[in-house]
Structure formats: C-alpha cells, structure tokens
Amino acid sequence: MSTAVAPVRTGQVLADLIPASRVRDIALVVGGAALTGLAAQLSVPVPGSPVPVTGQTFAALLVGTALGARRGVASLALYALAGLAGLPWFAQGTSGISVSFGYILGMILASAAVGALARRGADRSLLRTAGTMLVGEAIIYAVGVPYLAYAADLSASAAIAAGLTPFLLGDALKAALAMGVLPTAWKLVKR
C-alpha cells in the first residue's frame, strides 16, 4: 500500500501535505495546542519582570506557520481556553488570567498572520521566514506589552522595560531557529 504525499503547490502550508481529513485537522489543532503547552514549560524567570522567557512564543509561531491561519488560530485558541479552564500549561505550570495573558492573546493573532504569510510561501526561504517570525513577534508584543501595562499597573516605559526589552535577544534566537527549521522542512518535502 502506497502513502503518496501530495505534490507541493503554492498556497500550501506544511500541514496541507498530510492527506486531508477532519481527523487530521483535529489532531493537528490538539497537537499544536499541546506543543505550545509543553514549550511554555521551558521557562526561565527574568529578574525585574513578571514575564518569563519561554519556548511558548516559538511554538505558537511554528504552529501558526506550519498549520496555516485557520488551524493555527484554532490551536492557540484551544491552548488559551484550556489554560483559562485550569489546565496548568501556561508558563511555569500556571493557568488562568495573569499579567502575561496578553501575550497569549497576541499569540492567537500572530498565528493567524504567520499562517496567512506561510500560505503565500513566506516560510520557504531563510529571509522570508525571518520576516514572517518578526511580524509574528511584533503582533505578540503589540498585544502583550499594553496588556502587561494595564494588568500590572505599569507605565508604558516600565512595561516596555519589563515586557519587551529583556526578550529581544531570545526572540532573535527563536527566529533564527525557525529560519533553519521551516525552510529545511520544505526542502525535505520537495525531495
């Protein structure tokens, strides 16, 4: 029995290469939420910040890019709802609403953006993947930092100092990792 992989076409994301079915989509959405929850446990506290460095943002952007906008949003929404319902899979094994919940909301929006860009081929080369990851990170911060300012009663400059500046180097490393993973996956698929 042959399990032929569909040929790569423009308008596809990596998940589209798996034969289509409702079961596939459900498994991808649940798997993306679980990956994000597991990556959130890779957590390092940042002195002076209520927000830790985690693998969560990398996973969220990878999920959005690999699954596409629709499934990526569904996956990150499932991640957020399960955490709100009490599943302890937010950063540092927490759940519920915290001062860093805005970043999770930003991840939902970012997964839509990077998924839409990936569908246009933005995950198939190093430079385009870097741009895609930067767009996703910018969206996460555009929601997360103002939410942090509001929830922690911080000034804009204090929120930037606590919720953006300490994370820029780590995010650059995460983007570099994505630049290696995503285009390489496409090259392997084309073989």
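Being a predicted model, the structure only gives us computed values, none of them experimental.

S.K.: Please set out unusual backbone geometry residue by residue, giving values where relevant.
M.R.: At Q92, a residue that is not glycine, the phi angle is positive and equals roughly 60°. Along the chain, the position of Q92 falls in the loop between α3 (69-84) and α4 (101-119). The phi torsion at D153 lies on the positive side, around 55°, for a residue other than glycine. Along the chain, the position of D153 falls in the loop between α5 (126-151) and α6 (156-163). Residue classification places D153 among the exposed positions, given a relative accessible area of 70%.

S.K.: Can you explain helix α7 (residues 168-190)? Please cite residues and give values.
M.R.: In this model, α7 (23 residues) spans 33 Å end to end at C-alpha, consistent with the 33 Å of a helix rising 1.5 Å per residue. Taken as a whole, α7 has its buried residues at D171, K174, A175, A178, L182, P183 and W186.

S.K.: Kindly report on the confidence of the model for the protein chain, identifying the contributing residues and their values.
M.R.: On average, the protein chain scores 92 in pLDDT, and the residues at 70 or more come to 94%. Long-range and interchain partners of residues 1-6, a stretch whose pLDDT sits below 50, account for two contacts in this model, where long-range means more than four residues apart.

S.K.: Explain the side chain of T129 to me, using residue names and the numbers behind them.
M.R.: Turning to its location among the elements, T129 is positioned in helix α5. With sequence-adjacent residues up to four places away left out, T129 is seen in contact with A122, D123, R124, A178, M179, L182 and P183.

S.K.: Provide a residue-level description of the nonpolar core, including the pertinent values.
M.R.: Counting 43 residues, the largest nonpolar core has L76, Y79, Y103, I104 and M107 as its most contacted members. Where this core is concerned, the elements lending two or more residues are α1 (22-40), α2 (56-67), α3, α4, α5, α6 and α7. Counting residues per element, this core draws most heavily on α4, which supplies eight residues. Y79 has contacts with A33, T36, G37, A40, Q56, W89, F90, A91 and I104, leaving out every residue within four places of it along the chain.

Calculation rules
- Residues numbered from 1 in each chain as written.
- Predicted model: local features only at pLDDT ≥ 70, side-chain atom pairs only at ≥ 80, totals over all residues.
- Heavy atoms only, no water.
- Helix = DSSP H or I, 4+ residues; strand = E, 2+ residues; numbered from the N terminus.
- Buried < 20%, exposed > 50% of the residue type's maximum accessible area, 1.4 Å probe, protein only.
- Expected span 1.5 Å × (residues − 1).
- pLDDT = per-residue confidence, 0-100.
- Contact = heavy atoms within 4.5 Å.
- Core = buried A, V, L, I, M, F, W, Y, C linked by side-chain atoms within 4.5 Å.

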